[in-house]
Amino acid sequence: MSCLIYIINGPNLNLLGQREPEIYGKKTLQDIEQNCLKKAEENNVKIKFFQSNAEHDLIDWIHASREEAAGIIINPAAFSHTSIAILDALTLFEGPIIEVHISNIHKRETFRHHSYVSQKATAVIAGFGIDGYTVAIRRMAELCV
């Protein structure tokens, strides 16, 4: 395996499949993780998959990524719109960062249109449903050379 990618998921994503399926679909976070593991293997990369509802956990994982990860894929969920602390942590990471959103945040409530994370992200994927994660892994594998 050529590189390690951290996949970091924020609040309420543990309830995928139950929470607003008309927006987020019926697949669970475990389904996403399985899809990511398969796509990682196909692209000869390794992943570590995380989820927390606590902002400090996401920050701690971003800090840890500095020591071992070649790239970060992050779905900060609602923290996208509120967390300068997560942006500050990401600013310390020197590799590529891909921000993923299952829904198209720009077609939703106005407060969701701004993402602090986007200011540091190498790329942003929004509105592809859970397929956004596998698109991000494919691209990150290309960036890990």
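Residues numbered from 1 in each chain as written. Predicted model: local features only at pLDDT ≥ 70, side-chain atom pairs only at ≥ 80, totals over all residues. Heavy atoms only, no water.

Caption draft 1: Summary view of the pairing of strand β4 (residues 97–101). Most of β4 sits inside the fold, with five of its five residues counted as buried. Of the two faces of β4, the one carrying I97, E99 and H101 and the one carrying I98 and V100 are both buried. Where strand β3 (residues 71–75) and β4 come together, three bridges link them in parallel fashion. The residue of β4 that forms the bridge with I73 is I98. In this region the chain leaves β3, passes through helix α4 (residues 84–91) and returns to the parallel neighbour β4; the handedness of that crossover is right-handed. Strand direction decides the pairing type here: β4 and strand β5 (residues 123–126), joined by four bridges, are parallel. (Buried < 20%, exposed > 50% of the residue type's maximum accessible area, 1.4 Å probe, protein only. Helix = DSSP H or I, 4+ residues; strand = E, 2+ residues; numbered from the N terminus. Pairing = 2+ DSSP bridges. Right-handed = clockwise from strand over helix to strand, strands pointing away.)

Caption draft 2: Looking closely at the packing of aromatic side chains. Summed over the entire model, instances satisfying the criterion amount to two aromatic pairs. Between Y6 and F50 the ring centres are 5.0 Å apart and the planes differ by 50°, which places this aromatic pair in the tilted class. Highlighted residues: Y6 in strand β1 (residues 4–9) and F50 in strand β2 (residues 46–51), separated in sequence by 44 residues. Across the pair, exposure class does not vary: Y6 and F50 are buried alike. Three or more aromatic residues joined by ring pairs form one cluster here, namely Y6, F50 and W61. (Phe/Tyr/Trp six-rings, centres within 6.5 Å; stacked < 30°, edge-to-face > 60°.)

Caption draft 3: Summary view of the packing of helix α2 (residues 29–42) against helix α5 (residues 131–143). Their axes nearest at 9 Å, the elements α2 and α5 cross at an angle of 25°. In terms of orientation, α2 lies roughly parallel with respect to α5. In the packing of α2 onto α5, the handedness of the crossing is right-handed. For the pair α2 and α5, contact is made by I32, N35, C36, K39 and A40 and by Y133, T134 and I137, respectively. Considering only residue class, the contact of α2 with α5 consists of five nonpolar, two polar and one charged. (Axes fitted to C-alpha atoms, helices over the stretch in contact; angles between N-to-C directions. Parallel < 35°, antiparallel > 145°, perpendicular 65-115°, else oblique. Left-handed = near helix turned anticlockwise from the far one by under 90°. Contact = heavy atoms within 4.5 Å. Nonpolar A, V, L, I, M, F, W, Y, C, P; charged D, E, K, R; others polar.)

These results come straight from atomic positions and should not be treated as a statement about function.
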